[in-house]
Amino acid sequence: MGRAAEMLGTTPGFLRAIGEARLITPLRSEGGHRRYSRYQLRIAARARELVDQGTPIESACRIVILEDQLEEAQRINAEYRRAAGGDSEA
């Protein structure tokens, strides 16, 4: 956790807080240490940006979740368009 916090320029407490808000759920090593994926670190970095801009942490977590859902929906829509033969992006 300390290394992940250092990489993000934040504190372990911030990572714990976004974990408690269920934004990310790190895996655990055999020794019980939190292990973060690159995706989780990217999500945490986005939440940190929002918090640094003055957004409350709970709101920042919700925004990040919604952004992630929107990105996934756009990807699925693009796949459906390609499958239907429409290559243009709307």
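Everything below is about the structure shown above.
Residues numbered from 1 in each chain as written. Predicted model: local features only at pLDDT ≥ 70, side-chain atom pairs only at ≥ 80, totals over all residues. Heavy atoms only, no water.

**Description of helix α2 (residues 12–20)**
Here's step 1: All buried positions along α2 are accounted for by Phe14, Leu15 and Ile18. For α2, the buried positions fall inside an angular range of 100° around the axis, keeping them on one side.
Here's step 2: Immediately beyond the C-terminal end of α2, within one or two residues, lies Arg22, with a positive phi of roughly 65°. (Buried < 20%, exposed > 50% of the residue type's maximum accessible area, 1.4 Å probe, protein only. Helix = DSSP H or I, 4+ residues; strand = E, 2+ residues; numbered from the N terminus. Arc of directions from axis to C-beta.)

**A short note on unusual backbone geometry**
Here's step 1: One non-glycine residue, Arg22, adopts positive backbone phi at about 65°.
Here's step 2: Tracing the chain through its elements places Arg22 in the loop between α2 and β1 (27–28).

**Focus on the nonpolar core**
Here's step 1: Ranked by internal contacts, the top residues of the largest apolar core, which has 18 residues, are Leu15, Ile18, Leu23, Ile24 and Tyr36.
Here's step 2: Of all the secondary-structure elements, those providing two or more residues to this core are α1 (2–8), α2, α3 (38–52) and α4 (57–83).
Here's step 3: Looking at this core, the element that brings in the most residues is α3, giving five residues.
Here's step 4: Those residues in contact with Tyr36 that lie beyond four places of it in its chain are Met1, Ala4, Leu15, Ile24, Pro26 and Leu41. (Core = buried A, V, L, I, M, F, W, Y, C linked by side-chain atoms within 4.5 Å. Contact = heavy atoms within 4.5 Å.)

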